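A closer look at the structure
The lines below spell out each chain.
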Amino acid sequence: MKKTLIILTVAIPILIGGYFILNSIAHNKIEQFLDEQVARGHLEYQDFNLSLLRGNVTVNTIEYHKQHQQVQAEQVGIKGFSYWNFLVSNRISVDHIVIRRPLGRLHKKKDAPKHNEQNKKQESTFDKEIRVKHLAIEEGQLTYTADTSDLLRVALFDLDVHHIRIDQQTLQQKVPATYEDFSLKLSGLWYDMNELQEIQAADLRITDKEIRVTDLHLLPKYTRQDYIRVIPYEKDLMSLKLDSLSIPEYQLELQGRLPLFEAPKIVFEGIDFDIYRDKTVNDDLREKPLYSKMLRDLDIELNIDSIVLKNTNINYQERIKKDRDPGEVYFSELQATITNITNTDLERNDFPETQIDIQSLFMGKSPISVEWQFRINDKRDNFRIRGKSSDIPEESINSFFIPAFNVKTEGTVNELYFNFGGNNDMAAGDFQIDHENFEVQVLKKNGKEKKGFLSWVANIFVKKGNKGESLTKHVKEVKRDKTKSFWNYFWSCIQAGLTKTMI
């Protein structure tokens, strides 16, 4: 008993003294490391606390800056550092890393150096394994800048990542770490999309299982009057409001030659989309690929089973003459389903057909349905588009015809049907129309008064039609203008059908 008491009497002070000595040594080592970074101009901090027994380190009011990157944080805390794993297994093992209220300012120069051989050499000499059970970034802010302009701003974000592993093998990959799951929440997102548009989103949530965006806006930087001063040729000025975007059960693979994105479904809900084009500026004479080629040539591989659009309104306005109002076409209450969007394994024999089914109200009044098919792997870009509409009043037609062509129509289209097939060069198909009491008025420059003689001449050639009397014609050839979009191509098919049946 006395012997045990003597041992304890001697051992306890030694252990206590040893703890304080080791704590002091560890404190000095950490302080030396931090001060070295301060001396190099990379780091500033207020103070730090160390608990050797618990394996905890907390650094307060810290700022790291290197080259053109700067990160400030209210506090960085490391909890549960395993000395045993570090000494025996050469592994840096931590239970928690918590970064509170970081403010990141990242800057990219135009001629920023790429990942060079020196970087690879440094990575190859890394001989330890890092494991972190939980990384949390709380109430962060972020700004990303190129030269003197902001490209991205995030007002608030939170990040949680679990079971992170970094080693010599992971450092050779595009993503230099592995993890089990994560959750990223961003609020107040702003992104500079291009010279004409910017994007804002109230809330963006990304986990390893789902992506969800709410209250997203695509906004123009200029007014319609001003934007034509900064564009070299015709471009659309767009404005979009999206209530929500949901992508459940997605997969993103970054290790291949191209990134691979897979999802069973993408749902867009509550879209108001306005498109404006001013055709008084120079034409863009570059060749415009059809959608099948655009998807085929993407710099990302896609496997998406379906895309669903719910409660969508699309408004397109086109100014053809400076002295006239723009022509307008819009579709309301649009519902659409797009299936089989894939550009992977293009050579397989059972490559699926992309199908698009659309239901809407043309000009907010006339029901219209469209079916459209093509195969993304088809290098001739063959397609088939068919549809029908009914009860189209004259005011719906004149909304575009008067500003665009200075022509006014009278009469009602009771039914309209089209079925066209084509490729990148030529299209042909059938067009059918049932209309009654149809007349054409050629207008004066003011767009209001009728030119009597020209209107009389035009109506000599226009078939007035009677209710229930359908006119059907086959359109043999519609040549594609490859400097125009698919929608211009489609409109050329409709124009050819109207000419055949009405004149």
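These notes cover the structure that comes with them.

Calculation notes
Residues numbered from 1 in each chain as written. Predicted model: local features only at pLDDT ≥ 70, side-chain atom pairs only at ≥ 80, totals over all residues. Heavy atoms only, no water. Salt bridge = Lys/Arg side-chain N within 4 Å of Asp/Glu carboxyl O. Buried < 20%, exposed > 50% of the residue type's maximum accessible area, 1.4 Å probe, protein only. Helix = DSSP H or I, 4+ residues; strand = E, 2+ residues; numbered from the N terminus. Lys, Arg positive; Asp, Glu negative; His and termini not counted. Polar contact = N/O pair within 3.5 Å; in protein donor to acceptor, adjacent residues only side chain to side chain. Contact = heavy atoms within 4.5 Å.

Okay, the pattern of salt bridges next. On inspection of all chains with the given rule, the structure shows 25 salt bridges. We note a salt bridge from R229 to D226, for which the minimum N-O separation is 3.2 Å. Residue class for R229 comes out exposed when judged on its relative accessible area of 68%. Across the salt bridge formed by K241 and D243, the nearest N and O atoms sit 2.6 Å from each other. Assessed through its relative accessible area of 32%, K241 is described here as partly exposed.

Within the secondary structure, E198 is located in strand β10 (residues 197-207). Buried charge without a salt bridge: E198, with K221 as the nearest opposite-charge side chain at an N-O distance of 5.5 Å. Polar contacts involving the side chain of E198 include one to the side chain of W190, which spans 3.5 Å. With residues near it in sequence (within four places) discarded, E198 still touches W190, Y191, M193, H217, L218, L219 and K221.

This part takes up the environment of N398. Mapped onto the fold, N398 is located in helix α6 (residues 394-405). Judged by relative accessible area, which is 8%, N398 ranks as buried. Along the chain, N398 and V329 lie 69 residues apart, while their C-alpha atoms are 9.9 Å from each other.

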